[in-house]
Amino acid sequence: MIAEFKEQTASVLAQVSDATANFRQIDRPDTVLPLPVPVAASIALLANRARDFRSKLGYEIAFHESRVETETVDALTVVDRIARDFAGANVPAVRMTLLNFLNRYPEPPGDNQKRLWRYLTSALSLCNRLKDQAETHLKGAHSLEMAGKKSEAIREFQEIYRIYPNPATAEKIRQLEAQSR
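Presented here is a report on the structure given in the accompanying data block. A quick note: this is a predicted structure, and the numbers were derived from the prediction, not measured.

Description of the overall build of the protein
Here comes step 1: The number of helices and strands found in the protein is 7 helices and 0 strands.
Here comes step 2: Each helix (α) and strand (β) of the protein, taken in turn from the N terminus, gives the series α-α-α-α-α-α-α.
Here comes step 3: The C-alpha radius of gyration of the protein comes to 20 Å, more than 25% above the 16 Å expected for a compact globule of 181 residues.
Here comes step 4: Along the longest, intermediate and shortest principal axes, the C-alpha atoms of the protein span 65 × 30 × 25 Å.
Here comes step 5: Within the protein, the fraction of its 181 residues that count as buried is 42%.
Here comes step 6: The long-range fraction of contacts in the protein, counting pairs at least 24 apart against all pairs at least 6 apart in sequence, stands at 66%.
Here comes step 7: When the accessible surface of the protein is split by element, carbon and sulfur atoms take 52% of a total near 10,000 Å².
Here comes step 8: Across the protein, 25 positive and 23 negative side-chain charges occur, with their mean positions spaced 4 Å apart.

Structure representation (structure tokens):
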């Protein structure tokens, strides 16, 4: 059972590596595409298998016997989730997912996972950089809005959205546009 779980984990890790150009570092949100459906399905099946595995063996034993695989499965699940969130223009969700994951697992569990962890770390660095860039526009956008300069505020919020896409900013733009009519 343990050997089969380890083999499956290695197989899915290879699939995800292929789908992400060998875990190429992320430098722009628009370069991250959702994983191919068969790869995402493999991750979901593996995650279910990991839950089954842990419940049958017990969490303590499963973690002790297959810590590397357990952490790898969690990381692969994160790769799938952030790919969907990037594609869905929700960079804050990507950032929170990565912060939570990397706080829990700051280092790769083995040499075979180093590229995967660098990939995730590069995504978090990108999100943090974009958040900082967007925040430089936020005060101005709010000031323009408060001053009644709706069209200027809209342009500033559009710039924030271009830099750091997220549903809250998109909604703010829609509200301001509705008020400007």
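Some words on the packing of helix 1 (residues 2-19) against helix 3 (residues 59-87)
Here comes step 1: The contact between helix 1 and helix 3 brings their axes to 10 Å, and the two run at 35°. As helix 1 packs across helix 3, the resulting crossing turns out to be left-handed. Between helix 1 and helix 3, the residues in contact are Ile 2, Phe 5, Lys 6, Thr 9, Val 12, Leu 13 and Val 16 and Glu 65, Ser 66, Glu 69, Thr 70, Thr 72, Val 73, Leu 76 and Val 79, respectively.
Here comes step 2: Partitioned by chemical class, the residues of the contact of helix 1 with helix 3 number 8 nonpolar, 4 polar and 3 charged.

Focus: the nonpolar core
Soluble globular proteins tend to bury their nonpolar side chains together.
Here comes step 1: Counting 48 residues, the largest nonpolar core has Phe 86, Leu 116 and Leu 120 as the members making the most contacts within it.
Here comes step 2: For this core, the elements supplying multiple residues, two or more each, are helix 1, helix 2 (37-57), helix 3, helix 4 (91-104), helix 5 (114-146), helix 6 (150-163) and helix 7 (167-180).
Here comes step 3: Counting residues per element, this core draws most heavily on helix 5, which supplies 11 residues.
Here comes step 4: Apart from residues no more than four positions distant in its own chain, Leu 116 is found in contact with Leu 13, Phe 23, Thr 72, Ala 75, Leu 76 and Val 79.

Considerations on the packing of helix 5 against helix 6
Here comes step 1: Where helix 5 contacts helix 6, the two axes come as close as 8 Å, and the packing angle between them is 170°. Our classification of the angle between helix 5 and helix 6 gives roughly antiparallel. Between helix 5 and helix 6, the contacting residues are Leu 130, Gln 133, Ala 134, His 137, Leu 138, Gly 140, Ala 141, His 142, Leu 144 and Glu 145 on the first element and Lys 150, Glu 152, Ala 153, Glu 156, Phe 157, Glu 159, Ile 160 and Ile 163 on the second.
Here comes step 2: Across the contact of helix 5 with helix 6, the residue classes break down as 9 nonpolar, 4 polar and 5 charged.

Conventions and cut-offs
- Numbers given to residues run from 1 along each chain, matching the order in which its sequence is written.
- This being a predicted model, a pLDDT of at least 70 is required before a residue's local features are given, and a value of 80 or more before pairs of side-chain atoms are given or counted; all residues contribute to the totals for chains, interfaces and linings.
- Hydrogens are left out, water is left out, and the side-chain values use all remaining heavy atoms of the structure.
- Strands are runs of DSSP state E lasting at least two residues, helices are runs of H or I lasting at least four, and both sets are numbered from the N terminus onward.
- As a reference, a globule follows 2.2 Å times the number of residues to the power 0.38, and the radius of gyration itself is taken over C-alpha atoms.
- Classification of residues uses two cut-offs on accessible area relative to the type maximum, computed with a 1.4 Å probe and protein chains only: under 20% is buried, over 50% is exposed, and between them is partly exposed.
- Residue contacts are defined here by distance: any two heavy atoms, one from each residue, within 4.5 Å place the two residues in contact.
- Per-residue and other accessible areas were derived by the Shrake-Rupley procedure at a 1.4 Å probe size, with only the shown protein chains allowed to occlude residues.
- A residue counts as positive if it is Lys or Arg and as negative if it is Asp or Glu; His and the chain ends are not included.
- To locate a charge, the coordinates of NZ of Lys, CZ of Arg, CG of Asp or CD of Glu are taken.
- Interaxial angles span 0 to 180 degrees and are taken between N-to-C directions of axes, which are lines fitted to C-alpha atoms, for helices over the stretch in contact.
- For a crossing to be left-handed, the near helix must be turned anticlockwise from the far one by less than a right angle; the clockwise case is right-handed.
- Lys, Arg, Asp and Glu make up the charged group, whereas Ala, Val, Leu, Ile, Met, Phe, Trp, Tyr, Cys and Pro make up the nonpolar group; the residues left over, Gly among them, are polar.
- Note on terminology: a nonpolar core comprises buried Ala, Val, Leu, Ile, Met, Phe, Trp, Tyr and Cys residues joined through side-chain atoms within 4.5 Å.
- In these notes the angle categories are as follows: under 35 degrees is roughly parallel, over 145 is roughly antiparallel, 65 to 115 is roughly perpendicular, and the rest is oblique.

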